[in-house]
Protein chains: 2
Amino acid sequence: MLRTHTCGELGEKELKKKAVLGGWVQSPRDHGGVIFIDLRDRYGLTQIVFDPSHNKEVHKAGETFRREDVIIVEGHVRHRPKGMTNEKLKTGAIEVLVDKIVSVNKAVTPPLDVDDRVEASEETRLKYRYLDLRRTKMQQQLMFRHKTINTIRQYLNELQFIEIETPLLIKTTPEGARDYIVPSRVNPGKFYALPQSPQIYKQILMIAGFDKYYQLARCLRDEDLRADRQPEHTQLDLEMSFAEVDDILLLTEGLIKHVFKTMLDKDIKTPFKRFTYQESMERYCIDKPDIRFDFFCATVTDIVKDAEFKVFKDVVAQGGIVKVLNAEKCAEKLSRNQIDELISFAQKEGAKGLAWMKVTAENKLESNIVKFFSNDVQKKIIEKTGAKIGDLLLFGADKEKLVNDVLSKVRVKLGNDLGLINKEEFVFCFVTDFPMFDWNDEENRWDFCHNPFTMPKKEDLHFLETDPGKIYTYQYDFVVNGTELFSGSVRNTIPELQEKMFRIAGLSEHKVKERFGFLLEAYKYGAPQHAGFGLGIDRLTALMQGIHDIREVIAFPKNKSAVSLMDEAPSTADDKQLKELHIKLDVVKVEKKHEEKKE
Amino acid sequence: MLRTHTCGELGEKELKKKAVLGGWVQSPRDHGGVIFIDLRDRYGLTQIVFDPSHNKEVHKAGETFRREDVIIVEGHVRHRPKGMTNEKLKTGAIEVLVDKIVSVNKAVTPPLDVDDRVEASEETRLKYRYLDLRRTKMQQQLMFRHKTINTIRQYLNELQFIEIETPLLIKTTPEGARDYIVPSRVNPGKFYALPQSPQIYKQILMIAGFDKYYQLARCLRDEDLRADRQPEHTQLDLEMSFAEVDDILLLTEGLIKHVFKTMLDKDIKTPFKRFTYQESMERYCIDKPDIRFDFFCATVTDIVKDAEFKVFKDVVAQGGIVKVLNAEKCAEKLSRNQIDELISFAQKEGAKGLAWMKVTAENKLESNIVKFFSNDVQKKIIEKTGAKIGDLLLFGADKEKLVNDVLSKVRVKLGNDLGLINKEEFVFCFVTDFPMFDWNDEENRWDFCHNPFTMPKKEDLHFLETDPGKIYTYQYDFVVNGTELFSGSVRNTIPELQEKMFRIAGLSEHKVKERFGFLLEAYKYGAPQHAGFGLGIDRLTALMQGIHDIREVIAFPKNKSAVSLMDEAPSTADDKQLKELHIKLDVVKVEKKHEEKKE
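Thresholds, definitions, all that
Residues numbered from 1 in each chain as written. Chains lettered and ligands numbered in written order. Predicted model: local features only at pLDDT ≥ 70, side-chain atom pairs only at ≥ 80, totals over all residues. Heavy atoms only, no water. Buried < 20%, exposed > 50% of the residue type's maximum accessible area, 1.4 Å probe, protein only. Helix = DSSP H or I, 4+ residues; strand = E, 2+ residues; numbered from the N terminus. Pairing = 2+ DSSP bridges. Axes fitted to C-alpha atoms, helices over the stretch in contact; angles between N-to-C directions. Contact = heavy atoms within 4.5 Å. Least-squares fit on C-alpha atoms with pLDDT ≥ 70 in both. pLDDT = per-residue confidence, 0-100. Salt bridge = Lys/Arg side-chain N within 4 Å of Asp/Glu carboxyl O.

1. Focus on the pairing of strand 14 (residues 355-361) of chain A
Residues and elements named next belong to chain A. Summarising burial for strand 14: five of the seven residues are buried, a large majority. As paired strands, strand 14 and strand 16 (residues 392-398) are joined by four bridges and run antiparallel to one another. Bridge pairing links M357 to L393 in strand 16. With antiparallel pairing between neighbouring strands as the criterion, strand 14 and strand 15 (residues 364-366) make up a hairpin whose turn holds two residues, including N363 at a positive phi of roughly 55 degrees.

2. Looking at the sheet that holds strand 15 (residues 364-366) of chain B
Residues and elements named next belong to chain B. If you walk across this open sheet you meet the five strands as 12-13-16-14-15, and the pairing is antiparallel. Whereas interior strands pair on both sides, the edge strands pair on one side only; in this sheet they are strand 12 (297-299) and strand 15. Across this sheet, the average inter-strand angle for adjacent strands is 30 degrees, counted without regard to direction. This element, helix 9 (residues 310-317), spans strand 13 (321-327), strand 14 (355-361) and strand 16 (392-398) of the sheet and lies at about 40 degrees to strand 16. Relative to strand 13, helix 13 (residues 400-417) is tilted by about 10 degrees, and along the sheet it contacts strand 13 and strand 16.

3. Describing the relation of the copies chain A and chain B
When chain A is fitted onto chain B, the two copies agree to an RMSD of 0.1 Å after a turn of 180 degrees and an axial shift of 0.0 Å. Interpreted geometrically, this transformation is the action of a two-fold axis. Looking at chain A, 100% of its interface residues are interface residues in chain B too, so the copies touch through the same face.

4. Focus on the confidence of the model for chain A
Averaged over all residues, the pLDDT of chain A equals 94, while 97% of them reach at least 70. With a pTM of 0.95, the predicted complex shows an ipTM of 0.94.

5. Digging into the pattern of salt bridges
Residue and element names in this part refer to chain A. Here the structure, examined in full by the defined rule, presents 92 salt bridges over all chains. Across the pair K500 and E465 runs a salt bridge, and its minimum N-O distance is 3.7 Å. Taken together, the residues K500 in helix 14 (residues 495-504) and E465 in the loop between strand 19 (445-448) and strand 20 (475-480) connect sequence positions 35 residues apart. What makes E465 exposed here is its relative accessible area of 64%. We note a salt bridge from D549 to R551, for which the minimum N-O separation is 3.0 Å. The pair D549 / R551 is uniform in exposure class, with both members buried. The network of salt bridges with common partners includes R125, R129, D132, R135 and E552.

Structure (structure tokens):
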């Protein structure tokens, strides 16, 4: 190596010894003719000293060094002068007096400071990603990611899981997003899809008898981007044979406990709470509940439907629901102004309003609308919501979906505003038994709620022909602090039943055969029951480090237009290249789009 | 779990205990009314017994089981009858008497036998890959791959290397093959390239200060396929900062030694032999020599150019060379017929012929052409080739490239035919100091011999303007048994020099800027010297298992038309999809191609 030591390792035991160090020049300082430089590499900082009384020539060269030059220097390790030691630094007791300059690679002035304190613009950071990645914080975040992935791999390897690489050039997969596609040169007019996940291949691997599979899999989705989405992401893709829901949840608990202990020295309590989808929707109005605090919801449609309050009455008449969020101990805590703010928040989220009542005494409610509710109804509301004296009840009344959406947001807002959420805490839970289908009003058909390959519950199969909306499944989600970490399920291993599912979701026999024929065929040759999940690694490693934007844990992310600002991908292709691939640009469309952009 | 044990673990210590097993039915046999089935999973085979005298109903069900049905059964472990134990099997001492059938997933008759002894056609194996992968051999091969990759990761992690994922949707990379490209929906008319390797990103990571990087990287190349090529492959991509050639070679030796010891319990001797490119070409006529045996070559152009032999004279006059392969101890070993066969082999490989001489006594040669060579010339030939009495000298005379090509093949053929090669042995070597450029006669320009980002040797830089063909570099190849395992180099960290290299290779200033501008820019902000390599994992893991076809160590390979026979990828795309992507099929071209195929 061109160096004898890294910039993070010299200490008192190397005193008087020779050392050759390589690294980047950070904060060069001239103190009365003596030049001090913090030399930086991935491992740390070492102070190096250019002293004209020690070596004139070397000192002269030292004067020319600027920020971010890469230099290799030879010198001797010595104590820092008294009072100059830096306890915070691993190498803070020593410095290296430079005898010789071995090599220099000059840097032009960097457009962003390599310093954790200074934040450049998003655009500058992405364009000069190599400078941004020099920051200690970014380096630590990517090292954390690396170590987390190692920890996961070791854990699964010990449990006899096998990592198997599945192809990137595949047939289309039926995930929620658009596929990226790749024109084939040798098969004119045909295209590969890039995997949105290895879903189908891992099912095939179970049919092939691999029993326990995982993969740190690269997944690509052509979506319109948000802060927590990237065209590419990495997921821990996993599948097990002869497994039931419990086996996957237990495995998850063990894995998470181990990873958090190893990486953060945090003891995560297991088992994690489990809610069925219906419980979660009822109590938290959402299928990924933040259970770090305790405000619960309850549906009161049946209780209030006959009360004199016209708003509720009308909603119920139109098939809507009335639901209560119990803001515990908030009757006094929240001023009238604060309640009004909550109401306008709810309105911004699409609600028409937000009725409220305070619990003032046993079985007694107080508010400007209480007069419309009989004592009996009041009593029943209090019973149903489990409210206690001093609690504030917030009422949502509208279509079910909207009520749940708004109340879940109001709930989290209150949790945050009232400081009920411990931001250092990770509280995990599982949500199980999701419905299979969701009615799509616009398209007038049943859509798959989640994974089409999920096994429906046997006891619900009689709804197949009559009411597919009532079919529940062996699907489970894994949630932490209100964020979904994975979705998984026991898979449908009965090809005839799987085909029926596709048909209910409106796929023609022809389409099913064309897209999934080979998979249905594969299930005819003997398949074990199997289950698995796909856990988002970007999200997990960001979350573990208290980071919101997953781009902070990805070395080379794209911006919100799916562009890499550093290398300007995507870029134009040669005509020759397109010709070889048997495609042409749709010129009219391209030009039109460009014009739109200009406008 | 739906089972209590796997099919590979029951033994005498579980005698009389209850066991629930799940697996695939293998070779059901009816022995006098009692049914025996080998139940198979990834972990092994267990014999299960359906005895009508024990349980009539269960026996009756047992009669219906066919090959590849998946069943879960509950039973009790018991000794096999005397004389019926199977020593070869982990579970060979016991069997499970079935009490209860828990579940059954029927299989239709499989189109290929799940049996290592039977080889189905390539096409059937790929189409029904899930059945092919059930074979113990295939499972072991993929498990071997998994464990090898783990071993590599552990080794590198301990050396403080960090695995960093680089993007799949990138800008074009300048490797030897065509890029696969991906149309962008949100950036009309633009395309991503899929990485042929993470080359540019790992260089950026070194500029970013990550110091020691690796990645088990997925690489995609749109090539015309051969047995050892796939559109996708996996490489151990690695790069180190402040490193010299020696550091990389030492690291490689350590890594290989460790991997072979761990995986195969083989002690690989280090250090590996090193040859410069020129030495390797001179001695072995190839830059990836098989050094498991000792036949050497030597150039004798200068020695024979004035001899009376017209063939040699003409070749030399036209700028060709004359080179000798010394087939040691072959003067007697090879009959005249065998020599004639060698000659026609050489002719098939493109040579006009293959002159030969036997060393019959000190400084004495014998053959039908010896008369054209003076005693002095004969003496010099013997000296130059180091030939001894009993050796056979084979002469190639033609253009340099052709001579080397043919003699290297003749050499390996002799090694194989004469049994000089120990097929169990792995003999590694490094070839270093490759040339930078190669003259391309057809295009009338200098091409990069290998990686354009390689650092040229300082002492050769004066040839930049005068004779780029004489510039040698810090490139090194890693070779085992005549197969290249990796190519790597110290990279060019001087942006002006890198730009000059591109210009010599005929790229215009504009093209350089467009394609590599961002990289050249990045090198201006302070870069450490760095070096690395990309090691083919498919090839390595195949080779370690004595397998020639890399498809045997890839779960889902493509065939030679880059088609996945199992799922029929690539396939057609919707018009809607193409419209969104701003592309059209080049209909004329597609139709033409289809017609060609039909013909």
